[in-house]
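# Fold and contact review
Now for the letters of each chain:
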There are 2 protein chains.
Amino acid sequence: MKFNRVLENIKIYEAGKPIELVVREFGIAPDDVVKLASNENPIGTSPAVKQAIIENADKAHLYPDDSMFELKEALARKYRVNENNIIIGAGSDQVLEFLSRALLNENESVLMSGVTFAMYEIYAKQMGAKIYKTANYAHSYDEFMEAYTMYRPKLVYICTPNNPTGDATRKEDVLRLIEAIGKESVVVVDGAYMEYAAAKDAKYAITPKDLLGYENVIYLGTFSKAYGLGGMRVGYGIAQPELIDALYKMRPPFNISTLSLAAAIAACGDDAFVAESIALHQEQIQRYEAFAKANGFTYIESYTNFITYVFDETMDSTQIADALLKRGVIIRNLASYGMNAMRITVGTAKQNDVFFKHFSELLV
Amino acid sequence: MKFNRVLENIKIYEAGKPIELVVREFGIAPDDVVKLASNENPIGTSPAVKQAIIENADKAHLYPDDSMFELKEALARKYRVNENNIIIGAGSDQVLEFLSRALLNENESVLMSGVTFAMYEIYAKQMGAKIYKTANYAHSYDEFMEAYTMYRPKLVYICTPNNPTGDATRKEDVLRLIEAIGKESVVVVDGAYMEYAAAKDAKYAITPKDLLGYENVIYLGTFSKAYGLGGMRVGYGIAQPELIDALYKMRPPFNISTLSLAAAIAACGDDAFVAESIALHQEQIQRYEAFAKANGFTYIESYTNFITYVFDETMDSTQIADALLKRGVIIRNLASYGMNAMRITVGTAKQNDVFFKHFSELLV
């Protein structure tokens, strides 16, 4: 069998280790495993979402409303946009896939920051497109424009706040970049962690409506983080109808399950849960900042629900991550991103206690 | 913006009308609407699945185990294959998408029967591949081999039982076709409705293991029909590891939600529910056969959970479907498939009563 040649170049995305695997591999009791690796909401599932799931538990045999009328209406109200500006994906991931498949091919390229969300690259490779990255993880105007001018990429990714580094780009800088990029390129503003940035500093807050004036820009959002629906796979893209309609052509029918749709509709109105998530986060992240300072290493100022610790040559992120894993603490080593760093989801007070206890013992 | 040129040629899949839409459009009370259009399991959600969903309702914030270890283990046990023979998709639909993206391009073609599952064509068009169909909906050896010899398609689809017609192809005929097709083509045996065919007549029963001896053949199965998980979007492909590994390169991470995974694991062991579904179906389909005979039109012998009524020129499927819809009865008109026919999911006794009542009144 001969497969399409793009397959030769594809690396499979490596998901964070699930708790079950650590239990099996290291014989640690499930209750002693702390997973701070996948930026899941540490508060858990919101009561409103849990209720919606239970109420719909006997509807598993029924296909969802494929028009997603109710969810789009809720999002349109929330962001003051129209329903025809919205496409729903199985996570904002799937909207990235639609974008890549609608726009990329072997003659096109994509541009992104030096360290950013891994799926941009994977979907581009699936389409055989060339990949250009700036030198740094921060979204520098000069670096982006130098590469843009040279390569004329079809897709430009601005991940703000950025994952897996946690930094963000100010709204005025994002708009400046958008203004400088030609209309023949599509700019993706990936705001998966935007709720955390907006709550921390208004200068970083970007809403879909801020970008709708640009026909070649799409805003991506997700229910996976602040809304606590990581396991349900619901995200969205918001843009002008011409772009949305093109993405629809790549959307498989029923791309959201019946229960995911019900959960997202419930989550959409659940502002109190989001506020609670952010409040916990803002309180607990201070402990992570203080811990770094007390132990002599640095961190990247975070606008997300995680923090990235950056080490000098006296410490090795791979060794630390492995040692923590054997103790039942799962975090994300960033060695595969070319950084001597690790990304830690800011957990509950109790989860963070466990992390600090084990990491302190390793540092002795 | 310039999109990939394949988009120009793509028609969006038209899902069956959801009950909410009929309620809104025709002002019919929800309880009076009967939907027999999407081949959903009329018994509903199995109690074991409902229980699994409720038990996992507070895990919506947690990403699923992306290795899908437990589900693959259950499927491997069920079908006596290995875990590395299995890929899980968001419905078997998504496995069709992986196949199309791994194998098709603008220089390749696909071959399928004259009337068959619509997504084969849609995914082929997304890849710019040429589409060849045989003259008839039945999978004729001669028609397939004539087209195969002429066009050398990269993908050959055998949908058995066939959707939306309900007919099936005998195992010996499927194997004869597979033997005649060269190894450079991949043959897809889509068994989405296989549980119904196998229960009706052993000559039509095909298991994944029957096909594993052929490196270029993949069996597709789903939890959407006999297992009652249409809304959860879980299906699978079973083949030799070389093919499975290639499809994995097109799989996005976390392509099944946490609750869908839990539901599928529960469903996999729920043989009693499948048996109950089939027993109800076998009892109720006799009423549909008798109704057709009593009213002077024909049907296609069904090996699925639906039945296809075929009309002569004195009746018009579009008029009938529209008239039924206004009465709150949703069925699938097959005019868009070039047939003066309609597909009706065999429902519960009560649902079928409603269908016969309204259709009888229209026939007067």
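Please read all numbers here as calculations on a predicted model, not as lab measurements.

### Re the overall build of chain A
Helices and strands together make up the secondary structure of chain A, namely 14 helices and 13 strands. For a compact globule of 364 residues, the expected C-alpha radius of gyration is about 21 Å, and chain A comes in at 20 Å, within 12% of that figure. By its C-alpha atoms, chain A is 60 × 55 × 55 Å across when sized along the principal axes. Counting every atom, chain A has about 13600 Å² of accessible surface; 49% of that belongs to carbon and sulfur. Put simply, chain A has 37 plus and 46 minus side-chain charges, and the middle of one group is 2 Å from the middle of the other.

### A look at the sheet that holds strand β3 (residues 109-112) of chain B
All names here are of chain B. Overall, mixed pairing links the seven strands, which are arranged β2-β8-β7-β6-β5-β3-β4 in an open sheet. Taken across any chain shown, the strands that pair with only one partner, and hence form the sheet edges, are β2 (86-89) and β4 (130-133). Along the sheet, successive strands turn relative to each other by an average axial angle of 20°, direction set aside. Of the pairings in the sheet, the one linking β3 to β4 comprises four bridges and is parallel in character. The partner of Met112 across the bridge, within β4, is Lys133. Along the sheet, helix α4 (residues 92-103) contacts β2, β5 (155-159), β6 (186-190), β7 (217-222) and β8 (235-238); its crossing angle with β7, the most-contacted strand, is approximately 155°. In the packing of helix α6 (residues 141-151) onto the sheet, contacts are made with β3, β4 and β5, and the angle to β3 comes to roughly 175°.

### Points about the side chain of Thr258(A)
With respect to the element layout, Thr258(A) can be found in helix α11 (residues 258-268). The contact partners of Thr258(A), leaving out residues within four places of it in the chain, are Lys59(A), Leu62(A), Tyr63(A), Pro64(A) and Gly231(B).

### Examining the environment of Pro64(B)
Here Pro64(B) lies in the loop between α2 (47-55) and α3 (69-79). Between the C-alpha atoms of Pro64(B) and Phe254(B), which are 190 residues apart in sequence, the distance is 6.5 Å.

### Considering the pattern of salt bridges
For the structure on display, the rule yields 34 salt bridges over all chains. One salt bridge in this structure joins Lys125(A) and Glu121(A), with 3.5 Å as the shortest N-O distance. Of this pair, Lys125(A) and Glu121(A) both sit in helix α5 (residues 118-126), separated by four residues, roughly a single helical turn. Here Glu121(A) falls in the partly exposed class, since its relative accessible area comes to 22%. Measuring nitrogen to oxygen at the nearest pair gives 3.4 Å for the salt bridge that ties Glu97(B) to Arg101(B). Here Glu97(B) pairs with Arg101(B), and both are found in helix α4, just four residues apart, close to one helical turn. Taking relative accessible area as the criterion, Glu97(B) reaches 3% and is therefore assigned buried. Overall, Arg101(B) belongs to the buried group, its relative accessible area being 3%. It is possible to trace a salt-bridge network through shared partners that takes in Glu97(A), Arg101(A), Glu97(B) and Arg101(B).

### Observations concerning the interface of chain B and chain A
Counting residues at the interface gives 72 residues for chain B, matched by 72 residues for chain A. Among the residues of chain B in contact with chain A, Met1(B), Tyr63(B) and Lys249(B) are the three that bury the most area, contributing 13% of the side total. Our count for the chain B to chain A interface comes out at two salt bridges. For the side of chain B that touches chain A, the secondary-structure elements that each account for two or more residues are α1 (19-26), α2, α4, α5 (118-126), α10 (241-248) and α11 (258-268) of chain B.

### Description of the packing of helix α12 (residues 271-295) of chain B against helix α14 (residues 349-363) of chain B
Residues and elements named next belong to chain B. For the pair α12 and α14, the least separation of the axes is 11 Å and the interaxial angle reads 10°. Relative to α14, α12 is oriented roughly parallel. Residues Gln284, Arg287, Tyr288, Phe291 and Asn295 of α12 form the contact with α14, whose own contacting residues are Ala349, Asn352, Asp353, Phe355, Phe356, Phe359, Ser360 and Leu363. Across the contact of α12 with α14, the residue classes break down as seven nonpolar, four polar and two charged.

### Observations regarding the nonpolar core
Counting 70 residues, the largest nonpolar core has Phe223(A) and Phe223(B) as its most contacted members. The contacts of Phe223(B), once residues within four sequence positions are left out, are Leu71(B), Leu75(B), Gly228(B), Leu229(B), Gly230(B), Val234(B), Tyr236(B), Ala264(B), Ala267(B) and Cys268(B).

### With respect to the domain arrangement of chain A
All names here are of chain A. For chain A, the assigned domains read domain 1 (5-45 + 272-363) and domain 2 (47-270). Computed over C-alpha atoms only, the centres of domain 1 and domain 2 are separated by 24 Å. Taken together, the contact pairs 30 residues of domain 1 with 35 residues of domain 2. Between domain 1 and domain 2 the total buried area reaches about 2900 Å² when both faces are included, carbon and sulfur atoms providing 62% of it. Counting the surface domain 1 buries against domain 2, the share from its top three residues, Thr45, Tyr303 and Tyr337, is 24%. Joining domain 1 to domain 2, the criterion identifies two salt bridges. The residue Glu106 makes a salt bridge to Arg5 at a minimum N-O spacing of 2.4 Å. At the boundary of domain 1 with domain 2, the tally comes to 16 residue pairs in polar contact (both at pLDDT 80 or more). Elements represented by at least two residues in the side of domain 1 that touches domain 2 include exactly α12 (271-295) and β10 (306-310). The element that contributes the greatest number of residues to the side of domain 1 that touches domain 2 is α12, accounting for seven residues.

### Concerning the sheet that holds strand β12 (residues 332-333) of chain B
Strand-to-strand pairing in sheets goes through backbone hydrogen bonds, with the strands running parallel or antiparallel. Residues and elements named next belong to chain B. The four strands lie next to each other as β9-β10-β13-β12, forming an open sheet whose pairing is antiparallel. Either end of the sheet is taken by a strand with one partner, and the two such strands are β9 (298-300) and β12. α12 rests against β9, β10 (306-310) and β13 (341-345) of the sheet, and its axis sits at about 5° to β10. Those strands touched by α14 are β10 and β13, and its axis lies near 150° from that of β13.

### Here's the deal with the relation of the copies chain B and chain A
Once chain B is rotated about the relating axis by 180° and shifted along it by 0.0 Å, it coincides with chain A to within an RMSD of 0.0 Å. One copy is carried onto the other by what is essentially a two-fold rotation axis. Residue Ile54(B), judged by its C-alpha, is the member of chain B lying nearest the rotation axis, at 2.8 Å. A symmetric contact is evident, with 100% of the interface residues of chain B recurring at the interface of chain A.

What counts and how
- Residues numbered from 1 in each chain as written.
- Chains lettered and ligands numbered in written order.
- Predicted model: local features only at pLDDT ≥ 70, side-chain atom pairs only at ≥ 80, totals over all residues.
- Heavy atoms only, no water.
- Helix = DSSP H or I, 4+ residues; strand = E, 2+ residues; numbered from the N terminus.
- Rg over C-alpha atoms; globule rule 2.2 N^0.38 Å.
- Areas by Shrake-Rupley, 256 points an atom, 1.4 Å probe, with all protein chains shown as cover.
- Lys, Arg positive; Asp, Glu negative; His and termini not counted.
- Charge placed at Lys NZ, Arg CZ, Asp CG, Glu CD.
- Pairing = 2+ DSSP bridges.
- Axes fitted to C-alpha atoms, helices over the stretch in contact; angles between N-to-C directions.
- Contact = heavy atoms within 4.5 Å.
- Salt bridge = Lys/Arg side-chain N within 4 Å of Asp/Glu carboxyl O.
- Buried < 20%, exposed > 50% of the residue type's maximum accessible area, 1.4 Å probe, protein only.
- Buried area = accessible area lost by both parts, 1.4 Å probe.
- Parallel < 35°, antiparallel > 145°, perpendicular 65-115°, else oblique.
- Nonpolar A, V, L, I, M, F, W, Y, C, P; charged D, E, K, R; others polar.
- Core = buried A, V, L, I, M, F, W, Y, C linked by side-chain atoms within 4.5 Å.
- Domains from an automatic or database assignment.
- Polar contact = N/O pair within 3.5 Å; in protein donor to acceptor, adjacent residues only side chain to side chain.
- Least-squares fit on C-alpha atoms with pLDDT ≥ 70 in both.

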